[in-house]
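# Geometric and topological summary
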Amino acid sequence: EVSVKGAEAVVSTQSTGVSKVKGKKDYYEILGCTKTASESELKKAYRKLALALHPDKNCAPGANEAFKAVGNAYAVLSNETKRAAYDRYGPDDEGSGGGGHHHHTHSRRHRYHNEEDISPEDLFNMFFGGMQPSYGNRRRQQFYFREERTTPGNETANLLSSIIQMSPLLLLIVMSMLSSIFSEDPPYSFQRNGNYKVERHTSWNDIKYFVTSDFTEKFSEQKILHFDYDIEKEYKNDLQIKCINNSRRKEQLMYQFRVTGNTRYRDYAESMDLQPCTDYRSFKLPKTLNRP
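Read on for an overview of the structure. (Residues numbered from 1 in each chain as written. Predicted model: local features only at pLDDT ≥ 70, side-chain atom pairs only at ≥ 80, totals over all residues. Heavy atoms only, no water.)

### Digging into the overall build of the protein
Quick note on the threshold: Numbering of helices and strands runs from the N terminus; a helix is a DSSP stretch of H or I covering at least four residues, while a strand is a stretch of E covering at least two. Per-residue accessibility, obtained with a 1.4 Å probe over protein chains only, is compared with the maximum for each type, and a residue is labelled buried under 20%, exposed over 50%, and partly exposed between these values. Throughout, a contact is declared for two residues whenever any of their heavy atoms are within 4.5 Å. The protein chains shown are the only cover counted for residues, whose accessible areas, like all others here, come from Shrake-Rupley with a 1.4 Å probe.
A tally of helices and strands in the protein yields 12 helices and 2 strands. By residue count, 33% of the 292 residues in the protein fall in the buried class. Sequence separation of at least 24 residues holds for 62% of the intrachain contacts in the protein that already meet a minimum separation of 6. Summed over all atoms, the accessible surface of the protein reaches about 18600 Å², with 52% contributed by carbon and sulfur.

### Things to note about the pattern of salt bridges
This is how the line gets drawn: Between Lys or Arg on one side and Asp or Glu on the other, a salt bridge is scored when a side-chain nitrogen of the former is within 4 Å of a carboxyl oxygen of the latter.
Using the criterion set out here, one finds 5 salt bridges in the structure. Across the salt bridge formed by Glu 199 and Arg 192, the nearest N and O atoms sit 3.5 Å from each other. Taking the relative accessible area as the measure of exposure, Arg 192 reaches 49% and is therefore partly exposed. For the salt bridge of Asp 238 with Lys 242, the shortest nitrogen-to-oxygen distance reads 3.3 Å. Of this pair, Asp 238 and Lys 242 both sit in helix α10 (residues 221–260), 4 residues apart, which is roughly one turn of the helix. The exposure class assigned to Asp 238 is partly exposed, which follows from its relative accessible area of 34%. Its relative accessible area of 41% is what places Lys 242 among the partly exposed residues.

### Considerations on a nonpolar patch on the surface
Spelled out, the test is: For patch detection, residues must exceed 30% relative accessible area and be free of salt bridges, and they are connected within 9 Å for like charges or within 5 Å for nonpolar side chains (Val, Leu, Ile, Met, Phe, Trp, Tyr).
A contiguous nonpolar surface patch, about 290 Å² in accessible area, is contributed by Leu 169, Ile 173 and Met 177. Looking at where Leu 169 falls in the secondary structure, it is placed in helix α8 (residues 155–182). Look at Leu 169 and you get partly exposed, because its relative accessible area is 47%.

See the structure below:
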């Protein structure tokens, strides 16, 4: 019963997020920003909405369309040229009739979006560092989103189905919370927060980390050396992961540039940070647990 109530609360929250976007046409209103919003404010708004509305996370009816709307809005407003055109001509009026006005609307919409635009899903992958964007023609793009076929008769069934599907997830969350309550705090942190306020550096590669004020009292010198080694090993593994991810994305983007000739893919590829690869190759772990 507790799991069901918790799932209902989650679905209700998700539906509220969808309703805030659904039906809005103005891109600024969709992102919840003013027309004077800075680039960082637009990014912050997109980050929050995209994470909340992504169909893999949000089970509420209409989440798919809301996610697409947020992606399209950010794609236009984050582009200086398109934003200037949007500020001048305003949002599309897709619901209007009449042949002449329809033609005007179509040409205006084409000004904001074209065949080579990156899809909302690809934008999400690139924004959050996804490894496998699926670029392609917008008309041929095949989304893996759920089809939206919600009617009053099956809305209750969809809700129950969502609750059942989310029950294992809620159980995992509860178990994780209980585990964190009864488990000991980690001995160190890579960020200064909470009780981890004392800055230290590893013995060999000078990697910065933070510990509690009683760290040296709780652990022996040999144990601290083990921590230093674990930290450096974790740091090197992180460099390797970043190197692999960024290298693969750069290869994918350059491939798309060669196939389509779209220079935007090349520009994205050239902006990829491959410094983690250089750092990974030059990073040496100690061979023995002795202070240098």
